Amino acid sequence: MHDELVDHLTRSTALGRGEALRVIQDVLAYFDETTEEYVRRRHRELQAQGLVNAAIFERIEADLKYRAVAPPELSLRQLRRIVYG
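Residues numbered from 1 in each chain as written. Predicted model: local features only at pLDDT ≥ 70, side-chain atom pairs only at ≥ 80, totals over all residues. Heavy atoms only, no water.

(A) Just the overall build of the chain, in detail. Each helix and strand in the chain was counted, giving five helices and zero strands. The order of helices and strands in the chain, counted from the N terminus, is α-α-α-α-α. Here the chain has a C-alpha radius of gyration of 18 Å; the compact-globule value for 85 residues is 12 Å, and the former is much larger. Here the chain holds 85 residues, and 16% of them are scored as buried. Put simply, 38% of the contacts in the chain that link residues at least 6 apart link residues at least 24 apart. Just so you have it, the chain exposes about 6,900 Å², and 56% of that area is on carbon and sulfur atoms. A distance of 4 Å separates the average location of the 13 positive side-chain charges in the chain from that of its 14 negative side-chain charges. (Helix = DSSP H or I, 4+ residues; strand = E, 2+ residues; numbered from the N terminus. Rg over C-alpha atoms; globule rule 2.2 N^0.38 Å. Buried < 20%, exposed > 50% of the residue type's maximum accessible area, 1.4 Å probe, protein only. Contact = heavy atoms within 4.5 Å. Areas by Shrake-Rupley, 256 points an atom, 1.4 Å probe, with all protein chains shown as cover. Lys, Arg positive; Asp, Glu negative; His and termini not counted. Charge placed at Lys NZ, Arg CZ, Asp CG, Glu CD.)

(B) Highlighting the domain arrangement of the chain. Here the chain is described as being made up of domain 1 (1–32) and domain 2 (34–84). Taken over C-alpha atoms, the centre of domain 1 sits 24 Å from the centre of domain 2. (Domains from an automatic or database assignment.)

(C) Layout of the packing of aromatic side chains. Counted according to the given criterion, the structure contains one aromatic pair. Taking 5.0 Å as the distance between ring centres and 85 degrees as the angle between the ring planes, the aromatic pair formed by Tyr-30 and Phe-31 counts as edge-to-face. Since its relative accessible area comes to 34%, Phe-31 is described here as partly exposed. (Phe/Tyr/Trp six-rings, centres within 6.5 Å; stacked < 30°, edge-to-face > 60°.)

(D) Layout of the side chain of Arg-41. Of note, Arg-41 is situated in helix H3 (residues 35–48). Discounting chain neighbours no more than four positions away, the residues touching Arg-41 are Tyr-30, Glu-33 and Arg-67.

(E) Broad picture of the pattern of salt bridges. Going through the model one piece at a time under the given rule, you end up with seven salt bridges. Two residues, Arg-17 and Asp-7, come together in a salt bridge whose shortest N-O distance is 2.7 Å. Highlighted residues: Arg-17 in helix H2 (residues 17–30) and Asp-7 in helix H1 (residues 3–12), separated in sequence by 10 residues. The partly exposed category is assigned to Arg-17, whose relative accessible area is 44%. The partly exposed category is assigned to Asp-7, whose relative accessible area is 29%. For the salt bridge of Glu-33 with Arg-67, the shortest nitrogen-to-oxygen distance reads 2.8 Å. Of this pair, Glu-33 sits in the loop between H2 and H3 while Arg-67 is found in the loop between helix H4 (53–64) and helix H5 (76–84), placing the two residues 34 residues apart along the sequence. (Salt bridge = Lys/Arg side-chain N within 4 Å of Asp/Glu carboxyl O.)

Dropping the structure here:
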């Protein structure tokens, strides 16, 4: 899986094939959170840093604009509708 990306990373960096695959898996796992999971996690992290809710929610709102989050699961029917309308 992700062979093209692994090949690209091994060509463009000093990473070996196994290392490149692990990096890809780590990055994908990081971005695999749903929006809800991300908001809950970030709220806990920022609260632990001593921020208050007003500041926390402003920060999360701003961060979400730049955050890739896991897409919703799509049924086969939904996938077909994307392709065929």
